[in-house]
Amino acid sequence: MRRLLTALALAIVGAVMLAGLAGLPRPGDPAAPVHTHVAAHIVAHGVEDTGSRNLVTAVLLAYRAYDTFGEVVVIFAALAAVMVVLAPAAAPPPGKTAPPPSPAPAVAPSPVVGFVIRLLAPFIAAFAALVLWHGEALPGGGFQAGVILGALLVLLSVVMGRGLEQPLVPAAAARWLQAAGPLAFAAAMLIGLAGAGAVLGLPAEPAWGRHAVLLLLELGIGLGGAAIILGLYLQMRGH
Amino acid sequence: MSALFDLVMLALLLGMALAVARTRDLLAAAILFSGYSLVMCLLWLHRGAPDVAMTEAAVGAGVTTILFLLAIGRTGRRER
Amino acid sequence: MTAVWHAIVVALALFGAAFFLAGTLGLLRLPDFYTRAHAVSKCDTVGAGSILLALALYVAPQPEALKILLLLLLVLLSSPTSCHALAHAAHHTGLEPREPRAGEPS
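Predicted model only: the values in this text are computed from it and were never measured.

Conventions adopted
- Residues numbered from 1 in each chain as written.
- Chains lettered and ligands numbered in written order.
- Predicted model: local features only at pLDDT ≥ 70, side-chain atom pairs only at ≥ 80, totals over all residues.
- Heavy atoms only, no water.
- Helix = DSSP H or I, 4+ residues; strand = E, 2+ residues; numbered from the N terminus.
- Rg over C-alpha atoms; globule rule 2.2 N^0.38 Å.
- Buried < 20%, exposed > 50% of the residue type's maximum accessible area, 1.4 Å probe, protein only.
- Contact = heavy atoms within 4.5 Å.
- Areas by Shrake-Rupley, 256 points an atom, 1.4 Å probe, with all protein chains shown as cover.
- Lys, Arg positive; Asp, Glu negative; His and termini not counted.
- Charge placed at Lys NZ, Arg CZ, Asp CG, Glu CD.
- Core = buried A, V, L, I, M, F, W, Y, C linked by side-chain atoms within 4.5 Å.
- Buried area = accessible area lost by both parts, 1.4 Å probe.
- Salt bridge = Lys/Arg side-chain N within 4 Å of Asp/Glu carboxyl O.
- Nonpolar A, V, L, I, M, F, W, Y, C, P; charged D, E, K, R; others polar.
- pLDDT = per-residue confidence, 0-100.
- Patch = residues over 30% accessible without salt bridge, like charges linked within 9 Å, V, L, I, M, F, W, Y side chains within 5 Å.
- Phe/Tyr/Trp six-rings, centres within 6.5 Å; stacked < 30°, edge-to-face > 60°.

1. Focus on the overall build of chain C
Point 1. Secondary structure assignment for chain C yields 3 helices and 0 strands.
Point 2. Listed by position from the N terminus, the elements making up chain C come as α-α-α.
Point 3. In terms of overall size, chain C is more extended than a compact globule, its C-alpha atoms giving a radius of gyration of 18 Å where 106 residues would be expected to give roughly 13 Å.
Point 4. Principal axes of the C-alpha set define a box for chain C whose edges measure 55 × 30 × 15 Å.
Point 5. Within chain C, the fraction of its 106 residues that count as buried is 25%.
Point 6. Contacts spanning at least 24 positions in sequence make up 64% of the contacts within chain C whose residues lie at least 6 apart.
Point 7. Within the structure as shown, chain C displays about 7,100 Å² of accessible surface, and the carbon and sulfur contribution to it stands at 73%.
Point 8. On chain C, the mean spot of the 6 positive side-chain charges and the mean spot of the 6 negative ones are 5 Å from each other.

And the structure:
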C-alpha cells in the first residue's frame, strides 16, 4: 500500500514536471524570450557597461551581483554552521591549556604521494591564479579559482597530515580570510554608493575603477572560497 | 556523434544516481557520487560551460567526496 | 607519408584501447584488491598514455600537441601515484593479499 502510494505520488510529480518542461522553449531556440530581451541587451552593452570582456563575469559580478552576493553569504553561512555544530563540547578557556597533541594518523602518508603532490602543487596554484586573474577574459573567475585553490589546500592537508593544531595562517587571519567574500562585497557596495550612487553600481569614472572593483570581488570570492573549503575540511576532521 | 556521447553520458549518470540511491554502503555511495560528478563535469564541458566543469570537478569530485569520507569516519559506514 | 603517419596514430590508439580492455577485464575478473589495482593502473598509464600519444601525433604540427603531451605527463605522474596511495593505505590497514587455494597454481 505504501509502495503504491509512493509510486503514485512520484508519477504525479513527474507528470507535472514533464508537463512544465514541455512548455519551455527548445534549448538554444533563438526566439526564446530570454534571448530576445535580457541576453540581447547584455551581449550588446555588456562590455561597455562593465568593462569586462567575459560576459559570464559581467553577468555574475555586475548585472546579477545581488545573486552572487547571496551565494557568497550562503557558503560563508555553511562554514559558520559547521563550526557551530562541530564545536568542541567544552572548549577550554583561550590561552589556559594547550590542547593535547593529536594522535598520529592511522596510516602514515606515503613519501611517494607527498613528493608528487609537492611537485604538482605549484602548478595547481599557478592554474588557480590564472583562472582568477584571467576570469575577466577567459572562462573562469573567483569561484572557480577559489575551489581549485581550496581543493589544493585540502589535498596538501590530507597528504601532510596538517590539522587545526598547525594552521597555515594564524587563526585571527584565517577568520578574516574566511569572511573575505562578504567583506569584498561590502566594500564594493560602499564604492558603488560613493562612485555610482547605487549599491553595487560600478563607477563610471575613472575607467580603471570598474576593473578594480571587479578584481576586488573576484579576489574576495576566490580567497574566501578557498579559506572556507579548507576551514570546512579542518573543522570536520577535528583534532 | 555528439548526441550519442550525450546519450551514453546521461545513461551513465542515471545508472550512477540509481546506484547511489540504492546502495546501503555509504562509502561506496560517496565514491559513486564522485564518479557521478566526473561524468557531470564532462557533460558541462560538452555543453560549452568550461567554468562550471572546473567547479564541478574540484568541488563535486574532490572536496565533497573528502567531506563525505570525513562524515562517514565520524559516524558509521552502514546505512541503518 | 600521411598514410604511414595515420597508421602509427591508429596503431597507438588501438594499442591503448586493447590495454583498456585488458585492464577492465582484470578489474572484473581478478580475485583480490591488489591484483585488481594492478590491472587498473596498467590501463590508466599505458592505455591512456598511448591514446594521448596517438592524439598528440594526430594534431602534431599544431601547438595543441604540446598541450596533449603535458596532459600525458600529468597522467603518467598522477595515476600511478593514486594507485600507489590506494595500495599503501590497503597494506597499512592490514588488508591481506588472497592466498592461493590448495591445488591452485600460485
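2. What to know about the overall build of chain A
Point 1. A tally of regular secondary structure across chain A gives 10 helices and 0 strands.
Point 2. The secondary structure elements of chain A, listed N-terminal to C-terminal, are α-α-α-α-α-α-α-α-α-α.
Point 3. Across the 239 residues that make up chain A, the buried fraction comes to 33%.
Point 4. Summarising the internal contacts of chain A: among those between residues at least 6 apart in sequence, 71% fall at separations of at least 24.
Point 5. Surface accessibility of chain A: about 14,100 Å² in total, with carbon and sulfur atoms responsible for 74%.

3. Overview of the nonpolar core
Point 1. A:Leu232 and B:Leu67 are the most contacted members of the largest nonpolar core, which has 17 residues in total.
Point 2. Contributions of two or more residues to this core are made by helix H5 (65-85), helix H7 (142-160) and helix H10 (207-237) of chain A together with helix H3 (50-74) of chain B.
Point 3. Considering each element in turn, this core owes the most residues, 8 residues, to H10(A).
Point 4. For B:Leu67, the contacting residues outside a window of four places in its chain are A:Leu232, A:Tyr233 and A:Met236.
Point 5. Formed by 13 residues, the second largest nonpolar core is a distinct cluster that contains A:Leu200, A:Leu202, A:Leu214 and A:Ile221.

4. Points about the interface of chain A and chain C
Note: interface size is frequently given as the accessible area lost on complex formation between the parts.
Point 1. Contacts between the two partners involve 9 residues from chain A and, on the opposite side, 9 residues from chain C.
Point 2. The contact between chain A and chain C buries some 700 Å² in all, and 86% of this surface belongs to carbon and sulfur atoms.
Point 3. Applying the counting criterion to the chain A and chain C interface returns 0 salt bridges.
Point 4. Each residue belonging to the side of chain A that touches chain C can be placed in one class, and the counts come to 8 nonpolar, 1 polar and no charged.

5. Quick look at the confidence of the model for chain A
Do not read the predicted coordinates in detail wherever pLDDT is low.
Residues and elements named next belong to chain A.
Point 1. Chain-level pLDDT for chain A is 81 on average; 87% of the residues reach the 70-or-more range.
Point 2. Element-level pLDDT for chain A is lowest in helix H2 (residues 33-36), with a mean of 76, against a maximum mean of 93 in helix H1 (residues 2-23).
Point 3. Between residues 96-104, whose pLDDT stays under 50, and residues either more than four places distant or in other chains, the model counts 3 contacts.

6. Considerations on a nonpolar patch on the surface
Point 1. Taken together, the side chains of A:Met1, A:Leu5, A:Leu8, A:Ile12 and A:Val16 make up a nonpolar region of the molecular surface, amounting to roughly 570 Å² of accessible area.
Point 2. Note on A:Val16: relative accessible area 58%, which makes it exposed.

7. Re the packing of aromatic side chains
Point 1. One pass over the full model with this rule turns up 5 aromatic pairs over all chains.
Point 2. For the ring pair B:Phe33 and B:Phe68, a centre distance of 5.9 Å and an interplane angle of 70° mean the geometry is edge-to-face. Separated by 35 residues along the polypeptide, B:Phe33 in helix H2 (residues 26-46) and B:Phe68 in helix H3 bring together distant segments of the chain.
Point 3. Given a relative accessible area of 31%, B:Phe33 falls into the partly exposed group.
Point 4. Ring centres of C:Phe33 and C:Tyr34 lie 5.5 Å apart, and the angle between their planes is 80°; this geometry places the pair in the edge-to-face category.

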